[in-house]
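# Coordinates in review
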Amino acid sequence: MSSLHPQPPVAPRVRALAPDLARGAMLAVIALAHSQVLAHPFLGPALAPGSALDTAVQVLLTLFVDSRGYPMFAALFGYGMVQILRSREPLLGPDGARRLLRRRGGWLVAFGVAHVLLLFPGDILASYGVLGLLFVGALRWPAARLFAVACGLAAVGALVYGSVLALPAPAGSAGEYGPLASAALRVATFPLIMPMNAVMAAAPVLVGIWAGRRGLLDEPGRHRRLLARVAAAGIAIAAAGAVPQAFVTTGLWHPDTAALVGAGALHTATGYVGGLGYAALVGLVAAARSGRAAGPVTTALAATGQRSMTCYLAQSVAWLVLFEPYLADLGGTVGVTGAAAVGLVVWLVTVVAADLMRRAGRPGPAETMLRRLAYRTR
């Protein structure tokens, strides 16, 4: 089998709404997750419950946000690999299209390293770049192999991140860092965080490849029944699987280490299907809007999704200003509710900026740079 399809289809003239809409909405989940550093700078169990409002908000975040956004993003990354291959095979041939994907993956690693050095330690770009390099061959795998490998990697990812969630917060002060020392600390953690993020994202990337080959989000109207089942089951399973972890993150339960790892692993494992459920839900929304003029909210969210890397990096600028000790140094100083509100405001600013770029006919600068480097165009 020399290509994704015996006769590679020509890329559609109209860009599919659902993938862009999903990326735009997903960035809200990412912002909510990252903004929680304002409430508690370190991962791990809460020492004591907060106010009633903060406890309620933390429960919602644990059930529907934490470890639910990145699987959706990872699945969309795998889906995008298929879209790129389909659009480039007629021009470059199967081998040329796969070389393009590998070149793009390599540049994503470079972008991720720069992201960590300049802005934020919790980078995902480099991890996705590594997965892009490793999984180009997976674009040719049969569905059974995709799901078998995805299940194995999901189990590993759940165990790894469940163990991380069980780690207690380090004792003592985080210390005062200047810009250079802070950048050095971020770079020092990169060899640990990047492989962990790659392992956690590997399974949904493979599922996204399968979904891309089926065209589930390109033509969601044809797959309403499947998308409805995935959305309902995925979100429900994710919420149920996060209940033990919700007792941990609110400080209402203080189990031993083994139970902490188990709760974290269950939370992570069910988060995989929750992320897929979110993507399916967005597909249903796009199908419902098929044939209708897009409203301002849909248009703005799709514009954000088209510029998802730019908006993701723009969020990191906000986290740099808010979190770094030599700047605002607000980590751990805001309640859970306030932190969530800040996250949503940061996301809304990027949505407005993306829509303004759309109105001006400008693509995202990060996407433009990646395209020029990977596609070797001017």
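The structure presented is a predicted model; accordingly, all values stated were derived computationally and were not measured. (Residues numbered from 1 in each chain as written. Predicted model: local features only at pLDDT ≥ 70, side-chain atom pairs only at ≥ 80, totals over all residues. Heavy atoms only, no water.)

## Some thoughts on the overall build of the chain
As a reminder of what qualifies: Segments assigned H or I by DSSP are reported as helices when at least four residues long, segments assigned E as strands when at least two residues long, and all are numbered from the N terminus. Two things to know: the radius of gyration comes from C-alpha atoms, and the globule rule equals 2.2 Å times the number of residues to the power 0.38. Exposure categories follow from relative accessible area, calculated using a 1.4 Å probe and restricted to protein chains: below 20% of the type maximum is buried, above 50% is exposed, and the middle band is partly exposed. When checking whether two residues touch, look at their non-hydrogen atoms; a contact exists if any pair is within 4.5 Å. With residues, only the protein chains shown are counted as cover, and all accessible areas are computed by Shrake-Rupley using a 1.4 Å probe.
Assigned secondary structure in the chain consists of 13 helices and 0 strands. Ordered by position in the sequence, the α and β elements of the chain form the string α-α-α-α-α-α-α-α-α-α-α-α-α. Rg of the C-alpha trace for the chain: 20 Å, near the compact-globule value of 21 Å for 378 residues, within the 12% margin. Taken along its principal axes, the extent of the C-alpha atoms in the chain is 60 × 40 × 40 Å. In the chain, which comprises 378 residues, the share counted as buried stands at 51%. Expressed as a percentage of contacts within the chain between residues at least 6 apart in sequence, the contacts between residues at least 24 apart total 86%. On the chain, roughly 17100 Å² of surface is accessible, and the fraction owed to carbon and sulfur atoms is 69%.

## A look at the packing of helix α3 (residues 69-118) against helix α6 (residues 179-214)
Between two packed helices, what matters for the description is the angle formed by their axes and the separation of those axes. What counts, and what does not: Note on method: axes are straight lines fitted to C-alpha atoms, helices fitted across the in-contact stretch only, with angles between N-to-C directions ranging 0 to 180 degrees. Comment on the angle field: the value is read as roughly parallel under 35 degrees, roughly antiparallel over 145, roughly perpendicular from 65 to 115, and oblique elsewhere. Helix crossings fall into two classes, left-handed where the near helix is turned counterclockwise from the far one by less than a right angle and right-handed where it is turned clockwise. Amino acids outside the nonpolar list (Ala, Val, Leu, Ile, Met, Phe, Trp, Tyr, Cys, Pro) and the charged list (Asp, Glu, Lys, Arg) are all regarded as polar, and Gly is one of them.
Where α3 contacts α6, the two axes come as close as 7 Å, and the packing angle between them is 150°. In terms of axis orientation, α3 runs roughly antiparallel to α6. The interaxial crossing formed by α3 with α6 has right-handed handedness. Grouping the constituent residues of the contact of α3 with α6 by class yields 20 nonpolar, 3 polar and 4 charged.

## Overview of unusual backbone geometry
One non-glycine residue, Ser67, adopts positive backbone phi at about 60°. Along the chain, Ser67 falls in the loop between α2 (52-64) and α3. Taking relative accessible area as the criterion, Ser67 reaches 10% and is therefore assigned buried. Despite not being glycine, Asp329 shows a phi value in the positive range, around 55°. The topology assignment puts Asp329 in the loop between α11 (308-323) and α12 (336-359).

## Some points on the pattern of salt bridges
Stated formally: Throughout this description, the term salt bridge denotes a Lys or Arg side-chain nitrogen within 4 Å of a carboxyl oxygen of Asp or Glu.
Throughout the structure, instances matching the rule amount to 6 salt bridges. Asp20 is paired through a salt bridge with Arg23; the nearest N and O atoms lie 3.4 Å apart. You can see Asp20 and its partner Arg23 sitting in helix α1 (residues 17-35), 3 residues apart, about one turn around the helix. For the salt bridge of Asp355 with Arg358, the shortest nitrogen-to-oxygen distance reads 2.8 Å. With Asp355 and Arg358 both in helix α12 and 3 residues apart, this pair spans about one turn of that helix. Classification of Asp355 by relative accessible area gives buried; the value is 10%. Take Arg358: its relative accessible area is 32%, and that puts it in the partly exposed class. Through salt bridges with shared partners, a single network forms among Asp355, Arg358 and Arg359.

## Examining the nonpolar core
Cut-off, in case you're wondering: Within this scheme, the nonpolar core is defined by two criteria: the residues are buried Ala, Val, Leu, Ile, Met, Phe, Trp, Tyr or Cys, and they are joined through side-chain atoms within 4.5 Å.
One finds Tyr128 and Ile209 to be the most contacted residues of the largest nonpolar core, which totals 93 residues. Considering each element in turn, this core owes the most residues, 16 residues, to α3. With near-sequence residues (within four places) excluded, Ile209 lies in contact with Gly78, Tyr79, Val82, Phe135, Ala138, Leu139 and Leu146.

## Points about the packing of aromatic side chains
Stated precisely, the cut-off is as follows: Aromatic rings from Phe, Tyr and Trp, taking only the six-membered ring of Trp, are treated as a pair when their centres fall within 6.5 Å; an angle between ring planes under 30 degrees marks them as stacked, one over 60 as edge-to-face, and anything in between as tilted. For a lysine, the NZ atom is tested; for an arginine, the CZ atom; a charge sits over a ring if that atom is within 6 Å of the ring centre and within 35 degrees of the ring normal.
All told, the structure shown has 6 aromatic pairs when counted by the stated rule. Taken together, a centroid distance of 6.3 Å and an interplanar angle of 85° make the contact between Tyr70 and Tyr272 edge-to-face. One end of the pair, Tyr70, is in helix α3; the other, Tyr272, is in helix α9 (residues 257-288), and 202 residues separate them in sequence. The side chain of Arg145 reaches across the aromatic face of Trp141, ending 4.1 Å from its centre. One cation-aromatic arrangement involves Arg371 over Tyr375; the distance from NZ or CZ to the ring centre is 4.5 Å.

## Here we look at α12
Applicable threshold: Working rule for helices: expected span equals 1.5 Å times residues minus one.
Over its 24 residues, α12 extends 35 Å from the first C-alpha to the last, a length consistent with the 34 Å expected when each residue adds 1.5 Å. Every buried residue of α12 is accounted for by Val336, Ala339, Ala340, Gly343, Val346, Trp347, Thr350, Val351, Ala354, Asp355 and Met357. Residues of α12 that are buried make contact with α1, α2, α10 (296-306), α11 and α13 (365-375). Directly beyond the C-terminal end of α12, a positive phi value near 75° is found at Gly361.

## Quick notes on α3
Worth spelling out the cut-off: The reported bend at a residue is simply the angle between two axes, fitted to the 7 residues ending at it and to the 7 residues beginning with it.
Between its first and last C-alpha atoms α3 spans 23 Å; for 50 residues at 1.5 Å apiece the expected length is 74 Å, and the helix comes up short by more than 12%. Along its length, α3 shows its largest kink, about 125°, at Leu92, and proline Pro94 lies within four residues downstream of that point.

## Here's the deal with the packing of helix α5 (residues 143-165) against α9
Where α5 meets α9, the closest approach of the two axes is 7 Å, and the angle between their N-to-C directions is 135°. Relative to α9, the element α5 is oriented oblique. Between α5 and α9 lies a crossing whose hand is right-handed. Touching Ala154, Gly157, Ala158, Leu159, Tyr161, Gly162, Ser163 and Leu165 of α5 are Leu260, Val261, Gly264, Ala265, His267, Thr268, Ala269 and Tyr272, all from α9. For the contact of α5 with α9, the residue count by class is 10 nonpolar, 6 polar and no charged.

## Things to note about the confidence of the model for the chain
We count it as follows: What pLDDT reports is the predictor's confidence in each residue, on a scale of 0 through 100.
Averaged over all residues, the pLDDT of the chain equals 90, while 93% of them reach at least 70. Note on residues 1-13: pLDDT is under 50 here. Beyond four places in sequence and across chains, it has 21 contacts.

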